[in-house]
Amino acid sequence: MRILITGGTGNTGRPLAAALRARGADIRVASRNPGNAADHVRFDWADPATHGPALEGVEVAYLVPPPATLEPMPLVEPFLAAASGVRRVVLLGSLAVLPGAPGIVELERAVQRMPESSILRPSGFMQNFLGAHPVATGIRERGEIVSASGPGRLGWIDAEDIAAVAAEVLTGPDPAPEHVLTGPESLSYADAAAVITEVTGRPVRHTEVSVAERARIFGEVMPQPFARALAAIDAEIRAGTEDRTTSAVEDLTGRPPRSFRDFVAAHMA
Ligand SMILES: NC(=O)c1ccc[n+]([C@@H]2O[C@H](COP(=O)([O-])OP(=O)(O)OC[C@H]3O[C@@H](n4cnc5c(N)ncnc54)[C@H](OP(=O)(O)O)[C@@H]3O)[C@@H](O)[C@H]2O)c1
């Protein structure tokens, strides 16, 4: 059974590829820059000519949507049209519902029309506190996390735990229609700042801003419409819509999800 991993070099795709490789699965890691690795394949959402070759012999696909767009369907439609041999698609969705994004709902409906499908709905990624994400640069450059979510909490999840779930859902029996995935506890940005301060010994504070200001900050690293939709989620978080945890990671993988404290300790450098 050949498994295609779109977003195969990303936060969830990379650990998913490692997990499936360790099981001896036949995988194809999709990337715009596949290099020379034997199990990598060139794939670009914006270049439909790459879709068919990437899908050759593929029965099961992990679908990470085209990044930072509220209109994924023009890019995903040619892919699904070329996926006639694919039996199962596991879509990386989100617990947060982006406002004003019917195209994302449309993508979910299209995936649900595949013979077998499942939608993973993770909470916020702990990986947002690493690398080039605005939360991470704020921490490194100013010891500051900026949000418009006030005391609202969310069940931060390590992308490696999402990958571990994805490995099970891709290869296991007929999958459930969706899985809501969270870490073990719900934390506000101020709680997260306190954990980082405690674990690293470096003071990090939370600063509350307006939704418009958060959109401006996101807009520095992504297109404006997507930045505005992402910032609007802060108002939802403030209202408590993401303040929940589930047992899905442990139910599906047999081990509890990683805590934020453990994650910070592991990524302190
Ligand atoms: N961050 C969160 O808190 C959060 C929460 C819930 C849900 N999500 C969802 O998680 C998904 C992944 O987000 P992420 O930030 O973690 O991204 P990511 O998966 O780490 O990175 C994006 C991936 O997409 C690939 N990619 C980029 N442009 C591409 C293109 N034109 N064609 C083909 N592949 C392309 C990149 O591969 P190459 O560069 O190798 O081509 C990379 O592997 C998003 O759909 C997001 O909505 C995120």
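So, how was this worked out
- Residues numbered from 1 in each chain as written.
- Predicted model: local features only at pLDDT ≥ 70, side-chain atom pairs only at ≥ 80, totals over all residues.
- Heavy atoms only, no water.
- Helix = DSSP H or I, 4+ residues; strand = E, 2+ residues; numbered from the N terminus.
- Rg over C-alpha atoms; globule rule 2.2 N^0.38 Å.
- Buried < 20%, exposed > 50% of the residue type's maximum accessible area, 1.4 Å probe, protein only.
- Contact = heavy atoms within 4.5 Å.
- Areas by Shrake-Rupley, 256 points an atom, 1.4 Å probe, with all protein chains shown as cover.
- Lys, Arg positive; Asp, Glu negative; His and termini not counted.
- Charge placed at Lys NZ, Arg CZ, Asp CG, Glu CD.
- Arc of directions from axis to C-beta.
- UniProt positions renumbered as here; feature names shortened; annotations may be inferred.
- Core = buried A, V, L, I, M, F, W, Y, C linked by side-chain atoms within 4.5 Å.
- Axes fitted to C-alpha atoms, helices over the stretch in contact; angles between N-to-C directions.
- Parallel < 35°, antiparallel > 145°, perpendicular 65-115°, else oblique.
- Left-handed = near helix turned anticlockwise from the far one by under 90°.
- Nonpolar A, V, L, I, M, F, W, Y, C, P; charged D, E, K, R; others polar.
- Pairing = 2+ DSSP bridges.
- Near = heavy atom within 4 Å.
- Polar contact = N/O pair within 3.5 Å; in protein donor to acceptor, adjacent residues only side chain to side chain.
- Salt bridge = Lys/Arg side-chain N within 4 Å of Asp/Glu carboxyl O.

Going by what an unreviewed UniProt entry lists, the protein chain is known as NAD(P)H-binding protein and is assigned to Saccharopolyspora erythraea.

What should I look at first to understand the overall build of the protein chain in this one?
If you tally the helices and strands in the protein chain, you get eleven helices and nine strands. Rg of the C-alpha trace for the protein chain: 18 Å, near the compact-globule value of 18 Å for 269 residues, within the 12% margin. Principal-axis analysis of the C-alpha atoms gives the protein chain an extent of 50 × 35 × 35 Å. Burial statistics for the protein chain: of 269 residues in total, 49% are counted as buried. The long-range share in the protein chain, meaning contacts at least 24 apart out of those at least 6 apart in sequence, stands at 77%. Surface exposure of the protein chain reaches about 11900 Å², of which carbon and sulfur atoms provide 52%. Averaging the locations of the 25 positively and 32 negatively charged side chains of the protein chain gives two centres separated by 3 Å.

Help me understand helix 8 (residues 211-218) in this model?
An α-helical segment advances 3.6 residues per turn. Residues three or four places apart therefore align on the same side. Every buried residue belonging to helix 8 is among Arg214, Ala215, Ile217 and Phe218, and all of these are buried. Taken down its axis, helix 8 places every buried residue within 160° of arc, on the same side. Where helix 8 is buried, its residues meet helix 5 (134-142), strand 7 (144-147), helix 7 (189-200) and helix 9 (224-239).

In this structure, what is going on with the UniProt feature "domain: NmrA-like" (unreviewed entry) in the protein chain? I would like to understand it.
The sites that carry the UniProt feature "domain: NmrA-like" (unreviewed entry) are, in the present numbering, residues 108-233. Within the segment residues 108-233, helix and strand shares are 45% and 15% respectively, and the terminal C-alpha atoms sit 19 Å apart.

Even after reading the chapter, I still don't get the nonpolar core, so can you show me in this structure?
As a rule of thumb, nonpolar side chains are buried together in soluble globular proteins. Residues Leu98, Phe129, Ile139, Ile145, Trp156, Ile196 and Phe260 are the most contacted members of the largest nonpolar core, which totals 30 residues. Among the elements that take part in this core, helix 9 stands out by supplying six residues, more than any other. Once residues within four sequence positions are removed from consideration, Trp156 is found in contact with Ser123, Gly124, Phe125, Met126, Asn128, Phe129, Thr182, Gly183, Glu185, Leu187 and Tyr189. One finds Leu16, Ala17, Val29 and Val169 within the second-largest nonpolar core, a separate group that totals 25 residues.

Honestly, the environment of Val165 in this entry has me stumped. Any pointers?
Summarising the element assignment, Val165 is placed in helix 6 (residues 159-171). A relative accessible area of 0% places Val165 in the buried class. Considered as a pair, Val165 and Gly254 are 89 residues apart in the sequence and their alpha carbons are 9.9 Å apart. For Val165, the residues in contact, after removing those within four places along its chain, are Leu120, Leu181, Val249, Leu252 and Thr253.

Please explain the packing of helix 8 against helix 9 as it appears in this structure.
Packed helix pairs are characterised by how far apart their axes lie and by the angle those axes make with each other. Where helix 8 contacts helix 9, the axes come no closer than 8 Å and their chain directions differ by 140°. In terms of orientation, helix 8 and helix 9 fall into the oblique class. For helix 8 against helix 9, the interelement crossing comes out right-handed. When helix 8 is examined against helix 9, the residues Val211, Arg214, Ala215 and Phe218 are found in contact with a partner set consisting of Gln224, Ala227, Arg228, Leu230, Ala231, Ala232, Asp234 and Ala235. Partitioned by chemical class, the residues of the contact of helix 8 with helix 9 number eight nonpolar, one polar and three charged.

Please clarify how the side chain of Thr182 should be interpreted in this entry.
Here Thr182 shows up in the loop between strand 8 (178-181) and helix 7. Exposure remark for Thr182: the relative accessible area of 0% places this residue in the buried category.

Can you walk me through the sheet that holds strand 4 (residues 58-63) in this structure?
One key point about sheets: their strands pair by backbone hydrogen bonds, in either a parallel or an antiparallel sense. Taken in spatial order, the seven strands line up as 3-2-1-4-5-6-8 in an open sheet, and their pairing is parallel. Each edge of the open sheet is held by one strand with a lone partner, namely strand 3 (40-42) and strand 8. Mean inter-strand twist for the sheet, computed between neighbouring axes without regard to direction, equals 20°. Summarising the sheet, strand 6 (residues 116-122) and strand 8 pair through four bridges and their orientation is parallel.

Would you mind going over the site of the ligand with me for this structure?
In the vicinity of the ligand lie 21 residues, with Thr9, Asn11, Ser31, Arg32 and Phe125 positioned nearest. In the environment of the ligand, an oxygen atom lies 2.6 Å from a nitrogen or oxygen atom belonging to the side chain of Ser31. Here an oxygen atom of the ligand and a side-chain polar atom of Arg32 are 2.7 Å apart. Protein chains shield 75% of the accessible area of the ligand, which is 900 Å² for the free molecule. Partitioned by chemical class, the residues of the shell around the ligand number eight nonpolar, eleven polar and two charged.

Is there a simple way to think about the pattern of salt bridges in this case?
Pairing between side chains of opposite charge can happen when their charged atoms approach one another. In total, this model carries 20 salt bridges according to the counting rule given. Here Arg87 ties to Glu116 by a salt bridge, and the two come within 3.4 Å at their closest N and O atoms. Of the two residues, Arg87 is situated in the loop between helix 3 (73-81) and strand 5 (88-92) and Glu116 in strand 6; the sequence distance between them amounts to 29 residues. According to the relative accessible area criterion, Arg87 is partly exposed, its value standing at 28%. Taking relative accessible area as the criterion, Glu116 reaches 18% and is therefore assigned buried. One salt bridge connects Arg261 with Glu198, and the closest N-O pair in it is separated by 3.1 Å. Linking Arg261 in helix 11 (residues 260-266) with Glu198 in helix 7, this pair joins segments that are 63 residues apart in sequence. Looking at Arg261, the relative accessible area reads 38%, which means it is partly exposed. In the salt-bridge network here, residues are joined through shared partners; they are Glu59, Arg87, Arg88 and Glu116.

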